[in-house]
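Summary of the model geometry
Here's the letter readout for the chains.
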Amino acid sequence: MPASKKSLLKKHETTSSLLPVADTIANFEIRYVQFLNAQAKIVNELPDFANDNDCLLELYRVMKTLQMFDHKVLLLHRMGKIGTYTGTLGQEAVGAGTASCLRNEDVFVPYYRSATDLYVRGVKLHEILLYWGGDERGSNFDDPRLKHDLPIPISIGTQLLHAAGVATAIKLRKQKDRAVLTMTGDGGTSEGDFYEAINIAGAWNLPMVIVINNNQWALSESNTAQTACQTLAQKAIAGGIEGIQVDGNDVIAVKATTQTALEKARNGGGPTLIEAVTYRLCAHTTIDNMDSYVDKQKYNSAAEQEPLIRLKKLLQTRELLDDSKERELELAIKQEIESEVEQFLQTPPPAPGDMFDYLYASLPERVAAQRDEVIQRENPDADIS
Amino acid sequence: MLTLVESVNMALDHELDQDPEVVLLGQDIGKSGGVFRATAGLFAKHGKDRVLDTPLAESSIVGVSVGMASQGMRPVAEIQFMGFIFPAFNQIVTAVARMRNRTRGRITLPMVIRMPYGGGIHAPEHHSESTEALLAHIPGLKVVIPSNPGRAYGLLLAAIRDPDPVIFLEPKRVYRTEKQDIDNDGEAYPLESCFIDREGSDITLISWGAMMRETLQAATQMESEGVSCEVIDLVTISPIDVSTILESVEKTGRCVIIQEAPRAGGIASEIAAELSEKALLSLLAPIGRVTGYDTVMPYYRAEHRYMPNTQRIVDEIRKTMEFQ
């Protein structure tokens, strides 16, 4: 066995630092956007919408709704009324800030932790419950304005390429005022489809915005297990597109950044990758136990920086919210959630033939026979025509 | 007179002319016209917004097609070789095959994924396999394989016009071996039924794609031995047109299925199972299969040993005919 040779490189030396480099041919930087810090201090000149009190109150209502919804779904899960749900606790600002920038004619391509966006977009809570309650009808959105929006995918990263395809359709049809918004988690940025999506978005200059909800956790794996990147936003550089990082707990920063990026996309300026830095204050799903991998101290510190606290402080400073108004708001949200839950619980299960009825436009003879069998097993007197 | 690959080109051209929502996308399909020339001249005629050169990324080609189709476009994606489909398999299984079902019909995907498949062209590794059964196993897809130029034209038109995703596998070994007179009349063939290419009374031979050539040759050879073969071109391997096959086998009482793909878990096995369930009492002999072997497709110096040939088909027919 030859003796192992020690590396000649000192610890922090890089390849280029050891070579006579002729020139620097490219420079990159990643900027960070924040308006409202964790102490609710305004650190930058606010965008116009942040001076619109109704706009801020609506953002707060949405975030509060999803926060309360999260607790309710966990209860439903514990009661055995719903299956797995991917909570949004602590990440409400990402959803509210991004989706509130969309127009009807834009297209939203969700991932599985997009409940807040879906709600803002017009999807009803009972539809979200239906989906997670094991019923495909939850993705057949009632609201006709959402006919172009894609459903929740479970397969991670695939949606980013679908978004690129929607953006391609918009571009080929020369529709100037439309753009696509899509999302992924931090874990999703390790997927091949993520890299393929930023690559083709750049190569084709597509009108799309990709938002990374960097909630620090890919199920139980922290970011350091996923990547050596200092930021996830810098992955944009590999695709030749703009990457930007925002405080994902600052709904004003998320909204301002998304709005600007969507405007850029609509105006032919191409794609943007936005990394919204937040913290998942719930388990990956309702069946995951996060105690085994989350540091309690870090969790508690993250909980203090969550998005509702700072927005509430701002609203209180502006005298838009006090305890009695907060209670009023909570009551209204509670009623909405209860009514949506009731609608979900009252929805009868799908008909026996339902699993076949949407496979193709017309069911092949062979599969039709299987459909008949399922129907007749359940109801021997059924008319299977 | 057109070859199979020229008829593919004519069908694509026809649909680009007829429907502004039809867009072709794939690697090297633009100015270059595709590695097999399937899209030759289409970029020049229809322009860069209808014939798109994509990055070298199969998942992108399929995933982007999903997005386009979800908005009502009719993307026709080309995967350069079937051996390169695997990076896109996630997209095919988790999105292409199930978007209609996932949304309860709200979003449909009228898209086609074309790709050349099969061996016999002396190509490098991954350029010669027949993995159609992997695709046929996925509910929500249609998998179509033409065997001659006329069928390639009519079936590709049907695939592009179909409201659901169609995988269109092109037998590259016979891309240029046969020429047929084809009218560019825009007439599509049905995707749901197989074709009876030769009527016979003693035995039913079932095959598809490039293997139809050897199957028909075997039928001709057997005729001289006094065996009357009925030959069925399956065409659509998913969903299979069972009733036509059944009718034929009930008539002849014997059946040999020929596929280039490995034997285990293949389409031939599926057909044999259907026939044993539904035509057992009509059968005069066990159902025979002539297939590729259950091993890795060898590199091209040995591919002739792997692929079924006319002699192997003839041997199997004789064995089936002689069964007592």
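This text gives an overview of the structure that appears in the document. (Residues numbered from 1 in each chain as written. Chains lettered and ligands numbered in written order. Predicted model: local features only at pLDDT ≥ 70, side-chain atom pairs only at ≥ 80, totals over all residues. Heavy atoms only, no water.)

A look at the interface of chain A and chain B
Each partner contributes to the interface: chain A provides 41 residues, whereas chain B provides 45 residues. When chain A packs against chain B, close to 3600 Å² is buried across both sides, 57% of that on carbon and sulfur atoms. Looking only at chain A, the three residues that lose the most surface to chain B are Y358, Y360 and R366 of chain A, adding up to 20% of its buried area. Put simply, chain A and chain B have six salt bridges between them. The salt bridge partner of R366 of chain A is E274 of chain B, with a shortest N-O separation of 2.6 Å. Mapped onto the side of chain A that touches chain B, the elements with two or more residues apiece are α5 (158–172), α6 (192–203), α13 (354–357) and α14 (365–378) of chain A. Here the side of chain A that touches chain B gets nine residues from one element, more than from any other, and that element is α5 of chain A. (Contact = heavy atoms within 4.5 Å. Buried area = accessible area lost by both parts, 1.4 Å probe. Salt bridge = Lys/Arg side-chain N within 4 Å of Asp/Glu carboxyl O. Helix = DSSP H or I, 4+ residues; strand = E, 2+ residues; numbered from the N terminus.)

Thoughts on the sheet that holds strand β2 (residues 51–53) of chain B
Residue and element names in this part refer to chain B. Taking strand neighbours across the sheet as the criterion, the seven strands line up as β2-β1-β3-β4-β6-β5-β10 in an open arrangement whose pairing is mixed. The open sheet has two edge strands with one neighbour each: β2 and β10 (236–238). Strand after strand, the sheet turns through a mean of 20° between neighbouring axes, direction not considered. Those strands touched by helix α7 (residues 149–161) are β1 (22–26), β3 (74–78), β4 (112–117), β5 (142–144) and β6 (166–171), and its axis lies near 160° from that of β6. (Pairing = 2+ DSSP bridges. Axes fitted to C-alpha atoms, helices over the stretch in contact; angles between N-to-C directions.)

Quick notes on the sheet that holds strand β2 (residues 107–109) of chain A
Hydrogen bonding along the main chain pairs the strands of a sheet, whether they run parallel or antiparallel. All names here are of chain A. Taken together, the six strands give an open sheet; going across it, the order is β1-β7-β8-β4-β3-β2, and neighbouring strands pair in parallel fashion. Taken across any chain shown, the strands that pair with only one partner, and hence form the sheet edges, are β1 (31–33) and β2. Between one strand and the next, the sheet's axes are offset by a mean angle of 25°, whatever the strand orientation. Pairing of strand β3 (residues 180–185) with strand β4 (residues 208–214) involves six bridges; the strand directions are parallel. When the bridges of β4 are listed, V180 appears paired with M208. Where helix α2 (residues 92–99) meets the sheet, it contacts β3, β4 and β8 (272–277), and its direction lies at approximately 170° from that of β3.

Side note on the pairing of β3 of chain A
Residue and element names in this part refer to chain A. Within β3, six of the six residues are buried, leaving the element largely enclosed by the surrounding structure. Burial along β3 is two-sided: V180, T182 and T184 facing one way and L181, M183 and G185 facing the other are all buried. Considered for its hand, the β-α-β crossover made up of β3, α6 and β4 is right-handed. (Buried < 20%, exposed > 50% of the residue type's maximum accessible area, 1.4 Å probe, protein only. Right-handed = clockwise from strand over helix to strand, strands pointing away.)

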